Amino acid sequence: MKTIPRKYIMRSRVALKTAEYVIAADGEQALLGECYLAAYESDTSALNYLRVLLNSYENEKKKEELQKIFMKLSVHKSCSPFGMYERSYAYSEREENRLDSNMFFLLRFLDGQFADVLDNGLNKSEALGWTGTFMKQGIALYLLYLHEGQWNSEGITAMAEMAKRAMRFSSEEYRKGTRGFEGIGENDLFCQLFLKWKSAVQMESDISTCAIRRITALLEKRTEGIMNANRRNYYGECAAYIAALGEVRESRGETGAKQRLMTSYKDKYLRRRAFQEEMRNYGWIDTKKK
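Residues numbered from 1 in each chain as written. Predicted model: local features only at pLDDT ≥ 70, side-chain atom pairs only at ≥ 80, totals over all residues. Heavy atoms only, no water.

(A) Summary view of the overall build of the protein. Helix and strand counts for the protein stand at 14 helices and two strands. Along the first, second and third principal axes, the C-alpha set of the protein runs to 65 × 35 × 35 Å. Considering the protein as a whole, with its 290 residues, one finds that 50% of them fall into the buried category. By sequence separation, contacts in the protein at least 24 residues apart represent 68% of the contacts at least 6 residues apart. Of the roughly 14100 Å² that the protein leaves accessible, carbon and sulfur atoms contribute 48%. Each charge class in the protein was averaged separately, 46 positive and 39 negative side chains, and the resulting centres sit 5 Å apart. (Helix = DSSP H or I, 4+ residues; strand = E, 2+ residues; numbered from the N terminus. Buried < 20%, exposed > 50% of the residue type's maximum accessible area, 1.4 Å probe, protein only. Contact = heavy atoms within 4.5 Å. Areas by Shrake-Rupley, 256 points an atom, 1.4 Å probe, with all protein chains shown as cover. Lys, Arg positive; Asp, Glu negative; His and termini not counted. Charge placed at Lys NZ, Arg CZ, Asp CG, Glu CD.)

Okay, here's the thing in structure tokens:
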């Protein structure tokens, strides 16, 4: 770890392999922490961020250290539909640590910069052209955070999948250099880690209220834009977001919010049968058919 320059991603792989040796030798927790931090320094990703933060005894102090690292890195514009998130885990020896704009917003979200990310990451005024921006994954992350209770409904399950993809989360990758996570499925592990992180990084009530209001308006505009452009391939995506928003409202005490919200969209787009069918896939119940 000391001989490989910090800028190379390969140093992150070496750090995690070193952590495995530390665990096998029953070494000190402090040394493990150094390995996790080195992995994050050389591959500044959401997954590596969570590994450091959630396995540290000094969360607040470690959080400040992690913030300094990603805030100092230069940010590159996302160059593919999912930015750098599609990057392979099989790095070349000379591949350098690079931070794209979407991962930068994601790290700021994990750091608890909720108001700033809401203003600067979810700020696209157009209804279309969201691919490659932070808009889709950002909405999914906020809805996942704002949801209270189990992730067992259709919409919030879809948001968890989007969040996992945004973070490039892999249970196999997360377990590298760690212990105690054997036998836990990928979805369960992601849920466990996300909720542990959420308990340590609080969102103020006024920001959560603002986030729900902003997302409600964004989804209305997005859905209208999709309908006006006849983008049928995005009907399912719209339905997933709408369902998740309704589930968030219900989880926060608004009885019947999901069905009421989804029915309002059905009433607005009465002739869009394919859209209605997608909403059924995410839990909408057409009471008029009964």
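(B) Representation of the packing of aromatic side chains in the model. According to the stated counting rule, one finds 20 aromatic pairs in the structure shown. Aromatic pair Phe-109 and Trp-197: ring centres 5.6 Å apart, planes at 35 degrees, arrangement tilted. Placement of Phe-109 in helix α5 (residues 101-110) and of Trp-197 in helix α10 (residues 186-200) is noted, with a sequence separation of 88 residues between them. Exposure remark for Phe-109: the relative accessible area of 0% places this residue in the buried category. Residue Trp-197 is classed as buried on the basis of its relative accessible area of 0%. For the pair Phe-190 and Phe-194, a centre-to-centre distance of 5.9 Å together with 45 degrees between the ring planes defines the contact as tilted. Separated by four residues within a single helix, Phe-190 and Phe-194 lie in helix α10, roughly one turn from each other. (Phe/Tyr/Trp six-rings, centres within 6.5 Å; stacked < 30°, edge-to-face > 60°.)

(C) The packing of helix α3 (residues 46-54) against α10, seen in detail. In the contact formed by α3 and α10, the axes pass within 11 Å of each other and the chain directions differ by 60 degrees. When the axis of α3 is compared with that of α10, the two are oblique. As α3 packs across α10, the resulting crossing turns out to be left-handed. Residue-level contacts link Leu-50, Leu-53 and Leu-54 of α3 to Leu-193, Lys-196 and Trp-197 of α10. Counted by class, the contact of α3 with α10 contains five nonpolar, no polar and one charged residues. (Axes fitted to C-alpha atoms, helices over the stretch in contact; angles between N-to-C directions. Parallel < 35°, antiparallel > 145°, perpendicular 65-115°, else oblique. Left-handed = near helix turned anticlockwise from the far one by under 90°. Nonpolar A, V, L, I, M, F, W, Y, C, P; charged D, E, K, R; others polar.)

(D) Up close: the environment of Gly-112. Mapping Gly-112 onto the fold places it in the loop between α5 and α6 (114-121). Residues Gly-112 and Lys-221, 109 residues apart in the sequence, show an inter-C-alpha distance of 27 Å.

(E) Looking closely at α5. Most of α5 sits out of view: nine of its ten residues are buried. Considered for burial, the residues of α5 that qualify are Asn-102, Met-103, Phe-104, Phe-105, Leu-106, Leu-107, Arg-108, Phe-109 and Leu-110. For α5, the N-terminal cap is Asp-100; the gap from its side-chain oxygen to the backbone nitrogen of Asn-102 is 3.2 Å. Downstream of α5 by a residue or two, Gly-112 has a phi angle that is positive, lying close to 95 degrees. (Polar contact = N/O pair within 3.5 Å; in protein donor to acceptor, adjacent residues only side chain to side chain.)

(F) Geometry of the pattern of salt bridges. Counted by the stated rule, this structure contains 24 salt bridges. A salt bridge links Arg-222 to Glu-237, with the nearest nitrogen and oxygen atoms 3.1 Å apart. Here Arg-222 is found in helix α11 (residues 205-228), whereas its partner Glu-237 is found in helix α12 (residues 235-251), with 15 residues between them in sequence. Overall, Glu-237 belongs to the buried group, its relative accessible area being 19%. Shared partners join several salt bridges into a network, and the residues in it are Arg-6, Arg-11 and Glu-41. (Salt bridge = Lys/Arg side-chain N within 4 Å of Asp/Glu carboxyl O.)

(G) How the structure looks around the nonpolar core. Of all hydrophobic cores here, the largest spans 89 residues; its most connected members are Tyr-142, Met-159, Met-167, Trp-197 and Phe-275. Per-element accounting of this core gives the leading share, ten residues, to α12. The contact partners of Phe-275, leaving out residues within four places of it in the chain, are Thr-223, Met-227, Tyr-235, Cys-238, Ala-239, Ile-242, Tyr-265 and Tyr-269. (Core = buried A, V, L, I, M, F, W, Y, C linked by side-chain atoms within 4.5 Å.)

(H) α3, seen in detail. Summarising burial for α3: nine of the nine residues are buried, a large majority. Within α3 the residues assigned to the buried category are Ala-46, Leu-47, Asn-48, Tyr-49, Leu-50, Arg-51, Val-52, Leu-53 and Leu-54. Taken together, the buried residues of α3 touch α1 (10-24), α2 (29-42), α4 (59-72), α5, α9 (171-175) and α10.

(I) Molecular detail of the environment of Lys-196. Of note, Lys-196 is situated in helix α10. Sequence separation between Lys-196 and Arg-108 is 88 residues; the distance between their C-alpha atoms is 17 Å.

(J) Structural view of unusual backbone geometry. Even without glycine at this site, Arg-168 takes up a positive phi of about 55 degrees. Along the polypeptide, Arg-168 turns up in the loop between α8 (154-166) and α9. In this structure, Asn-230 is a non-glycine residue whose phi angle is positive, near 55 degrees. Tracing the backbone through its elements, the reader meets Asn-230 in the loop between α11 and α12.

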